[in-house]
Structure formats: structure tokens, C-alpha cells
Amino acid sequence: MKRKNVWFWLVLSLAVICLCLGLRAGEFQTVWQKAKTICLECIGLG
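Residues numbered from 1 in each chain as written. Predicted model: local features only at pLDDT ≥ 70, side-chain atom pairs only at ≥ 80, totals over all residues. Heavy atoms only, no water.

Another point: helix α2 (residues 27–43). Since the α-helix packs 3.6 residues into each turn, any two residues three or four apart lie on the same face. Taking 1.5 Å of rise per residue, 17 residues should cover 24 Å, and α2 covers 23 Å from first to last C-alpha, within 8% of that figure. Just past α2, the residue G44 takes up positive phi, approximately 95°. (Helix = DSSP H or I, 4+ residues; strand = E, 2+ residues; numbered from the N terminus. Expected span 1.5 Å × (residues − 1).)

Here's what the structure looks like:
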């Protein structure tokens, strides 16, 4: 059981680090722009 907890926290901390690095690199803006394009052009919202 303890080994499971270690893996969980390790993976969670790596995920948070990757998210922070992506935000710092400006990837959020790129993903947001693509999501807006899909909603506005393909699905027809707005």
C-alpha cells in the first residue's frame, strides 16, 4: 500500500511540474486558440 502512495505522489508531482513548464512556455495560449477555433468554426457556437 505504501508503494502505491509513493508512485501516486511521484506522478502527481511530475504532472504539476509539466503543467507549470507548459504555462511558462506559453502553451496555454496556443491550446486556448485552437479550442476557440474548434468551437467557433467546426461546431458553430457563437
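Over its 23 residues, helix α1 (residues 2–24) runs 33 Å from end to end, which matches the ideal 33 Å to within 8%, given 1.5 Å per residue. Of all 23 residues in α1, one are buried, a share of ten percent or less. Looking one or two places after α1, you find G26, whose phi comes out positive at around 85°. (Buried < 20%, exposed > 50% of the residue type's maximum accessible area, 1.4 Å probe, protein only.)

Nonpolar side chains collect at one region of the surface, where W7, L10, V11, L14, I17 and L21 lie side by side and expose about 620 Å² of accessible area between them. You can see L21 is positioned in helix α1. (Patch = residues over 30% accessible without salt bridge, like charges linked within 9 Å, V, L, I, M, F, W, Y side chains within 5 Å. Areas by Shrake-Rupley, 256 points an atom, 1.4 Å probe, with all protein chains shown as cover. Salt bridge = Lys/Arg side-chain N within 4 Å of Asp/Glu carboxyl O.)

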